[in-house]
Amino acid sequence: MVSEKIARLINEQITHEQYAAQYYLSMSAWFFERDLDGIGNYFRVQSKEELFHAEKMFDYLKDVGETIEIGAIPKPPHEFSSQIEIFEKALEHEKVVTKSIFNIVKNATEEGDFATVSFLQWFINEQVEEEANASQLVTKIRMVNDNPSALYLFDQELAQRVFSPAGEA
Ligand code: FEO
């Protein structure tokens, strides 16, 4: 049902999602090191979501009986110049992930692989939400960046985030 090419793209996407998890975990660590535990929590939850995305793709390949080949995950950046930069990089990264998912959808559509197109619909919706959230946080961090009281409240706000397997958090 799924061609070799689509299976390869999904296998690669699993690695992209796992890389995103590592990337966000690294961002999370940056904030924890600076005692901004609420923001650190936000990125740690985001990291868990990315692993959940990878697992969803893993399960899809399993369900359609395709070979699953786990790839090497590159080391994510560890140094960041500022908190604003981190949120900007997170948004940038989500845009890259969206493009990558769209590319699989495009290929699956061209092949008439509607099972994969249907499966990826969840990810298309998820990316709309993820980009919207990331974009909103870029706006917010720019607003609060130089104001310690506002940053404190922002940190408290992001401390509320919990991992939800449905990916709504
Ligand atoms: Fe798995 Fe943030 O996209």
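Rules used in this analysis
Residues numbered from 1 in each chain as written. Predicted model: local features only at pLDDT ≥ 70, side-chain atom pairs only at ≥ 80, totals over all residues. Heavy atoms only, no water. Salt bridge = Lys/Arg side-chain N within 4 Å of Asp/Glu carboxyl O. Buried < 20%, exposed > 50% of the residue type's maximum accessible area, 1.4 Å probe, protein only. Helix = DSSP H or I, 4+ residues; strand = E, 2+ residues; numbered from the N terminus. Contact = heavy atoms within 4.5 Å. Polar contact = N/O pair within 3.5 Å; in protein donor to acceptor, adjacent residues only side chain to side chain. Phe/Tyr/Trp six-rings, centres within 6.5 Å; stacked < 30°, edge-to-face > 60°. Lys NZ or Arg CZ within 6 Å of the ring centre and 35° of its normal.

A. Seen up close, the pattern of salt bridges. In total, this model carries 8 salt bridges according to the counting rule given. The partner of lysine 62 in a salt bridge is aspartate 63, with the nearest N and O atoms 3.4 Å apart. Judged by relative accessible area, lysine 62 falls into the partly exposed class, the value being 47%. Look at aspartate 63 and you get exposed, because its relative accessible area is 59%. Glutamate 110 is the partner of lysine 106 in a salt bridge, and the nearest nitrogen-oxygen pair spans 3.4 Å. Highlighted residues: lysine 106 and glutamate 110, both in helix α3 (residues 83-111), separated by 4 residues, approximately one helical turn.

B. Quick look at unusual backbone geometry. If you check the backbone angles, aspartate 35 has positive phi at about 60° while not being a glycine. Within the element layout of this structure, aspartate 35 appears in the loop between α1 (4-33) and α2 (37-63). Looking at aspartate 35, the relative accessible area reads 64%, which means it is exposed.

C. Examining the side chain of glutamine 127 more closely. Following the sequence through the fold, glutamine 127 ends up in helix α4 (residues 114-144). Its relative accessible area of 2% is what places glutamine 127 among the buried residues. Among all residues touching glutamine 127, those that are not within four sequence positions of it are Glu94, Val97, Thr98 and Ile101.

D. Region of interest: the environment of glutamate 50. For glutamate 50, the position within the fold is in helix α2. A residue is classified by how much of its surface remains accessible, and glutamate 50, at 1% relative accessible area, is buried. A distance of 3.0 Å separates the side chain of glutamate 50 from the side chain of glutamine 46, its partner in a polar contact.

E. Structural context of the packing of aromatic side chains. Tallying each qualifying case throughout the model produces 15 aromatic pairs. Ring plane angle 5° and centroid distance 5.8 Å describe the contact between phenylalanine 31 and phenylalanine 43, whose orientation is recorded as stacked. Within this pair, whereas phenylalanine 31 is found in helix α1, its partner phenylalanine 43 is found in helix α2, the two being separated by 12 residues in sequence. On the accessibility criterion, phenylalanine 43 (1% relative accessible area) is buried. Both rings, one in phenylalanine 52 and one in phenylalanine 163, keep their centres 6.2 Å apart while their planes meet at 75°; by these two values the pair is edge-to-face. Taken together, the residues phenylalanine 52 in helix α2 and phenylalanine 163 in the segment after α5 (148-159) connect sequence positions 111 residues apart. An aromatic cluster is built from Tyr19, Tyr23, Tyr24, Trp30, Phe31, Tyr42, Phe43, Phe80, Phe87 and Phe154, whose rings are joined through pairwise contacts. Directly above the ring of tyrosine 42 sits arginine 161, whose terminal nitrogen or CZ lies 4.3 Å from the centroid.

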